[in-house]
Every structure is written in C-alpha cells, then in structure tokens.
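Structural features, examined
Each chain is listed here by its residues.
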Amino acid sequence: MQTRPMIWSLKISRALRSLLLLMKFMKLGSKADSFQTDGNNTRYVASDLVTDLVVQVGNVKFYLHKFPLLSKSSRLQKLVSSANEGNGDEINIDAIPGGPSTFELCAKFCYGMVFTLDAYNVVAVRCAAEYLEMYETMEKGNLVYKIDVFLNYSIFRSWKDSIIVLQGTKAFLPLSEELKVVSHCVDAIASKASTDVSKVDWSYTYNRKKTSKEGDTGWNQVRSRSVPKDWWVEDLCDLEIDLYTRVILAVKNKGSMSNELLGKALKAYAYRRFPASSKNSIPKNEVSKLLVVLDTITRLLPAEKGTVSCSFLLKMLKVSMLVESGESLKSELVKRIAHQLEEASVDDLLISSSESESTMYDVHLVQKMLQVFMAQDHSKEDNGEIQEISNSNPGILSAASKRIVAKLVDGYLTEIAKDPHLPISMFISVADIISTLPRPAHDGLYRAIDTYLREHPWISKSERKRICRLMDCKKLSAEACIHAVQNERLPLRVVVQVLFFEQVRAAASSGSTTPELPKGIKDLNRGSCGSSNLGTTNTDEDWDAMASAEELRALRNELTALRVSKHGEYRSSNADTAPISKVRGLIMSRRILSRIWSNKGDKQTENTGSDSSGSLEAKSTPVRRGRHSVS
C-alpha cells in the first residue's frame, strides 16, 4: 500500500484555526452512537435497515451497511468488489492498525456518529484511516484530512500532547514514520524546548498538572514565577530512548541550546533509569535496556569538558560495570572522567570490583583515569587522541588541578589501604602515577601509608621500606611528625629522618639557616654501612626493622640534644665527629647507638655516595623523578 504523507498546507478558516488552538480534543460526527454489542465478539449498528456487509477484524465481527462505508473507504470498495465476485458479503481486515476498537471509530465516522479524537487515540485512527484509504478523492472532508487538520493546528502546538502523540507512534511503526507523524512530533517538541524562556508559559509543561490540585491560589503563584531554563527536561524523561535520542538531536540541530542544559537533560534521563544503588542487582531483562541507555547517553554528551559533573560520569561508569558493558564504552567514560578528575570525590572513585577479582575495589580503572589525567600535561606534544581532546579545552593542567588530584589520590589510597587483599604493588603503582604532582604537605600520603601498614602487619621489611619511600619526611606537618615519631609501625630509618627534619624545621623557625646534614644522617639516607665505633654492624636490616617504643624514646632524646646554633652550624666544627661525642655521653642501648652514629670517618663509603646533595634516595635505588625516598 502506498501511503500519503500528512497534509500540512491546509486551507481552513481563521475562526476554525483559533478554535483548534484551544482544543485538546476534536469531536466528529453529529448522530447518536448506535453501535450495539451482541456477546463478546459481535458488534452491529442498530437500524431499521438490514445489514449487508460483515467485516471481520481479529476475533470481532461487525455487521454493517455497505453504502456509508464504501463511499468513504477506497480499500473497503476493493475488498467488497472482490468478495462479490465470489458471491460473498464478508471481508477480512485483520491487518488494520489499532484492531477492532480503532476500526469501530472509523466506521462511526462513515456513519456520521459522534466520537472524539484526542492525543491518546489520534495516531491509531490516523494510521487506520490511511489503511482504509479514506482520502479526499473519495469524499470531501474525509477522515484523513480532518485528522491532519487536528494534528497540525492543535496537537503539534501543544507541548504535552506532542509528547503523548510521540509516545503513541511506537505501536504503529513503520506506518507512523511513513506518515511523518514521528518526525513532525519530534520537530514540534524540539522547537518548543528551544524557545526562549521569556516566551514560555507554564501551561506548556506538566507542572500545571502537578500543581492544579493545590487550587487556584497555588496555580496563580506558579504562573507568577519565572520559568526556569530546564522546564522541559523532566517531561522528556517519559520518552523511550530511541525517541528521546531523536528529540535531543533535533534540539542540538536548532543550535540555541547550551551544552550545560543539554548535559542536565541527559543526566536527568539517565538517573530516571539507573538503579537506586550500584549494589542493587539488575534483572536480566533490564540489562540490555540499560546498555542501550548508557551507550546512547555517552554518545549524546557534548564533547566540551564540564557539561556534566564528574560524579555523574563516575555513576555511569559504575552502572556500566554492573551490566558488563563493552570496553569501548568504559574507555570513553574513563577518558571523560580523567579530563575533569579534580571534581571527583573519594567516594566517587570507590568502584566495586567484579566478583572474579580478589580486591574490594577496581583499582585498575582508577589507574587508567590517572594515566589519562597525567597525559594531559603532554597533550600538546602528542599527535594522538589526547591532542584532539585538549584542543577544545586546553589540556595543560593547572597547578590547582594538580594539587586537588594529589589530595584526592591520597584520600583514595587511604580508603583502598583498608582492603586486606590489596597487594602492596598496586598501592605503590597508584601513588607512582601521580608522584610528580605537587603536594604542599605529605600528611595525606603518610596517613595512607600508615593505614596500609596497620591493615597489613604481615608485610616484609623490604616491603615496608618500599612503601615508605613514597613520602618525603621533610613535607610532614608538625602534627604528622608527632604521630610518626611515636609510630611503631614505621621502619627505624623513617623515624630517624622525621626526628632530624623536625629539628631542622625548629631551627629554621627560630631564624637560623638550615644546617647541612651531618655525615651520620647522610650515610643513613644513602643506606651505607660500615664499622661502628662501638663494635656493632649497622645493617640495612636493622634500619628497616620497626622501632620499639623504648627505641623511639631514645631517638627523640638523642636528636633533641642536637641543638642548632644561631648560624645553623652544629656546635662542633667537625660535622662528622661532633654527633659521636654527644652520643657517647648519652645513656642509650648499644643497638641504637650502633644504628644511628656508625660510619665515623668512613671515607670510602662517603666517596661512593653523593653527600653534597642531601638526597634522601637510597644509593641502591635508582632516582625516580618527583619521588622522595626515606631509605
């Protein structure tokens, strides 16, 4: 069947046009409804004239008269003509859109009986009229013409009715598409959503429906308020994803909608369909629908940074994990998140891992985000995908963004450190990715390291040494230092460094210049070893062992005694021998003395290190850019 598109160049009177604009429905016909029912599957017209035509629609039989129907329907004419050749008076039209109920409305129109068209049934009747070929060529003012007038001058001028009709087209595809009902609905909705808010009345929206129960006073108060820019967002959330996509694309093509408002609309639609919690299980029949929603929303998001919040993007990523979406979707979301990572919170980054993983959280995903984030600093030098993204938003990271992300990662490390199944290599790997980011203080990193040591007491000495190298003792605050020097979980080497640098800071605050590190501390930082004056061997194993409470007290007393002079020089002119003479006068265990002040006069060891640099890097460990060692 060749369909005819809707009639849009309609010549009607000005009075009728004004009337249609006010109508939410259209009454057709003038005669009383005389359709009767005989049982469940029989319908007939009560009349003095004997019926001469039986129309079978599905399981319902209609006993009707030929003349009123055949004068308006070309298809019925053809069917009856074919039936007469076989000496029959019964025809079958099972394929009519809308079934028996819609055919009955078309039949009433043929008889001139009263019935009502509205937003809920107009699509079905329009498609049925098209199927029955009720065109102007059969009779002036036929059903197709009247419905097109109603659609054009009433339905498509109403915001609410346009949405209802668009929803109704789904049941009549592809015919509703061929008749251009869908496209005209989409265009009408997009045009109204793009209208300047100064020209929008609250009657456009569903808000009138929501507030009318409050009475006239409440409604008048609503009308007196200014219309917000996002007045249309919630209403469109009722559409299914394919229709919603068409409307959003049409809105984009209008070119008058801001990306921020488009992002808000997409966010509202997604949240309407997402599960309440990422911990909730999703029914199998909903998984495929969610996958389509996720993929579509991601594609519709404007490319510009900041059109939606980072928290929303992370919510999408968590849902994509629940429904086991493809890697391409996850990668796109990770990339978008990374470009506005400074907006995220620690809770946002705590993405539960799959059942096959042993860890509580999916740390690998966060690692990918951090890698993309860090790559932005080099994006202008690259010719790949990162380059393209940075062109729309210059990709060089600001100092503020770097500090915020560094603090964010410190908090994230603190949380994942509580997972007893988190391997130390994964913890260190996350910290290493952002090791070049500036941190005014290392208190957050210290807190994360301490949490890991507390939750993983079984790790080896070498692993403690590795994890403690992540922080710079010089950047611990006074409060963190107080905690660290009493922390029995830290290697002795770290405690010594904290104590010493606290003394240096105290000297600096009193106006003295920062002294050069004495040879004993330098050797400690290099991890050198040699003969002790007291006859014991200072080994790395001793330094990497956890300090006891007694040793911590002894160390604090020892370094407190090393006062810094006004000029920043140690009291003895010999920076290597002065500490030794002081140590010999203190009451300390032989083990502590041998650990702290060994290597006196060990020139060979001194020459192998870089004493003049004051570096905290272990000699045996390659220097890593931006990373502070405590070995």
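Rules used throughout
- Residues numbered from 1 in each chain as written.
- Predicted model: local features only at pLDDT ≥ 70, side-chain atom pairs only at ≥ 80, totals over all residues.
- Heavy atoms only, no water.
- Core = buried A, V, L, I, M, F, W, Y, C linked by side-chain atoms within 4.5 Å.
- Buried < 20%, exposed > 50% of the residue type's maximum accessible area, 1.4 Å probe, protein only.
- Helix = DSSP H or I, 4+ residues; strand = E, 2+ residues; numbered from the N terminus.
- Contact = heavy atoms within 4.5 Å.
- pLDDT = per-residue confidence, 0-100.
- Pairing = 2+ DSSP bridges.
- Axes fitted to C-alpha atoms, helices over the stretch in contact; angles between N-to-C directions.

Concerning the nonpolar core
Most often, soluble globular proteins keep nonpolar side chains buried together rather than apart. Formed by 167 residues in total, the largest nonpolar core has its most connected members in Phe-103, Leu-143, Trp-232, Leu-341 and Phe-427. Here this core gets nine residues from one element, more than from any other, and that element is helix α5 (residues 122-132).

With respect to the side chain of Thr-245
Mapped onto the elements of the fold, Thr-245 is located in helix α13 (residues 241-254). What Thr-245 contacts, discounting residues up to four positions off in sequence, is Thr-296 and Leu-300.

Quick look at the confidence of the model for the protein chain
On average, residues of the protein chain score 77 in pLDDT, and 69% of them reach the 70 mark or higher. Model confidence for the protein chain, summarised as mean pLDDT per element, is weakest for helix α30 (residues 578-584) at 35 and strongest for α5 at 97. Within the model, the stretch residues 207-219 combines pLDDT values under 50 with nine contacts to residues more than four positions away or in other chains. Residue range residues 562-631 is modelled with pLDDT below 50. Its contacts to residues more than four positions away, or to other chains, number 159 contacts.

Digging into the pairing of strand β1 (residues 25-28)
Of the two faces of β1, only the one carrying Met-26 and Leu-28 is buried; Phe-25 and Lys-27 on the other face are not. Looking at chain direction, β1 and strand β7 (residues 115-118) are connected through four bridges and run antiparallel. When the sheet's bridge partners are listed, Phe-25 is paired in β7 with Asp-118.

Some details on the sheet that holds strand β4 (residues 53-57)
Read across the sheet, five strands follow the order β2-β3-β5-β4-β6 without closing on themselves; strand pairing throughout is mixed. Looking at the sheet topology across the chains shown, the edges are occupied by β2 (35-37) and β6 (90-92). Across this sheet, the average inter-strand angle for adjacent strands is 25°, counted without regard to direction. The sheet contact formed by β4 and strand β5 (residues 60-64) spans five bridges and is antiparallel. Looking at β5, one finds that Val-57 is bridged to Val-60. Lying on the sheet, helix α4 (residues 99-111) is in contact with β2, β3 (42-45), β4 and β5; it crosses β5 at an angle near 10°.

Things to note about unusual backbone geometry
Cis geometry marks the peptide bond from Leu-173 to Pro-174; its omega dihedral reads 5°. Residue position: Pro-174 is located in the loop between α7 (159-168) and α8 (175-178). The phi dihedral of Glu-133 is positive, around 60°, even though this residue is not glycine. For Glu-133, a relative accessible area of 12% gives the class buried. Here the phi dihedral of Lys-180 falls at roughly 65°; this positive angle occurs in a residue that is not glycine.

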